[in-house]
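One letter stands for each residue in the lines below.
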Amino acid sequence: MAKKDKESKAVIPKKTAELVPRWEDIDRWFDRMAEEFWRRPFPSLFRPERWFPESLLSMRMPSLDVYQDKEEVVVKADVPGLAKEDIDVTLTGETLTIKGERKEEKEVKEPDYHRRERSYGSFVRSVALPCEVKSDEIKATLKDGVLEIRLPKTEEAKKKSVTVKID
């Protein structure tokens, strides 16, 4: 009878076991939802594509650092995998806009394709600058997936810096 029990056990193929998401996948989806919520709090709630794994296929918004010193405003954006031809930087008034697109590589439609997490698509990211800048002297460089934009301040903006004494 013991031999009969061994023969009746079903073997679950590995691909069937993968139908249920792993905990790290679920954690990543919740992290993504929280990240999107803080970038755009309410519109992201009403876009159902943000709540499903398919959202992993859309291009993520690049993270930005914006800081200034006495002479210039510096904006750094993470744009891994993009070439300078894929990025467009514009200044309108005191708003800097970065547009880009990562084109999708040839999709592999084979049974051995186990995971797809790299993001593709286009993005637009705008940031309000803290002061006026000289639009004709802006310089941008792209190195190791980081876009650095240096925006020299106008003479007026340089003078507006005031140190406040704290009591």
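If you're wondering where the values come from, they're calculated on a predicted model, not measured in any experiment.

Colleague: An account of the sheet that holds strand E3 (residues 87–92) is needed here, citing residue identities and associated values.
Modeller: Read across the open sheet, the three strands follow the order E3-E4-E5; overall the sheet is antiparallel. Each having just a single partner strand, E3 and strand E5 (121–128) make up the two edges of the open sheet. Taking the axes of each pair of neighbouring strands and ignoring which way they run, one obtains an average angle of 15° across the sheet. Sheet topology places E3 next to strand E4 (residues 95–102); six bridges connect them, and they run antiparallel. When the sheet's bridge partners are listed, Leu-91 is paired in E4 with Leu-96.

Colleague: Mind laying out the nonpolar core, listing which residues take part and the relevant values?
Modeller: Among the nonpolar cores identified, the biggest contains 19 residues, and Val-75, Leu-96, Ile-98, Leu-129, Leu-147, Ile-149 and Leu-151 are the most heavily contacted of them. Contributions of two or more residues to this core are made by strand E2 (72–78), E4, E5 and strand E7 (146–152). Those residues within four positions of Leu-129 in sequence are excluded, and the remaining contacts are Val-73, Val-75, Leu-91, Glu-94, Leu-96 and Leu-151.

Colleague: How would you sum up the side chain of Thr-154? Please name residues and give values.
Modeller: Tracing the backbone through its elements, the reader meets Thr-154 in the loop between E7 and helix H4 (155–159). If sequence neighbours within four positions are ignored, Thr-154 has contacts with Glu-132, Val-133 and Lys-134.

Colleague: Report on the environment of Val-66, specifying residues and quantitative values.
Modeller: Mapped onto the elements of the fold, Val-66 is located in strand E1 (residues 64–68). In this structure the C-alpha to C-alpha distance between Val-66 and Leu-129, which are 63 residues apart in sequence, comes to 8.3 Å. Each residue touching Val-66, except ones within four places of it in the same chain, is listed here: Val-73, Val-74, Val-75 and Val-127.

Rules and cut-offs
Residues numbered from 1 in each chain as written. Predicted model: local features only at pLDDT ≥ 70, side-chain atom pairs only at ≥ 80, totals over all residues. Heavy atoms only, no water. Pairing = 2+ DSSP bridges. Helix = DSSP H or I, 4+ residues; strand = E, 2+ residues; numbered from the N terminus. Axes fitted to C-alpha atoms, helices over the stretch in contact; angles between N-to-C directions. Core = buried A, V, L, I, M, F, W, Y, C linked by side-chain atoms within 4.5 Å. Buried < 20%, exposed > 50% of the residue type's maximum accessible area, 1.4 Å probe, protein only. Contact = heavy atoms within 4.5 Å.

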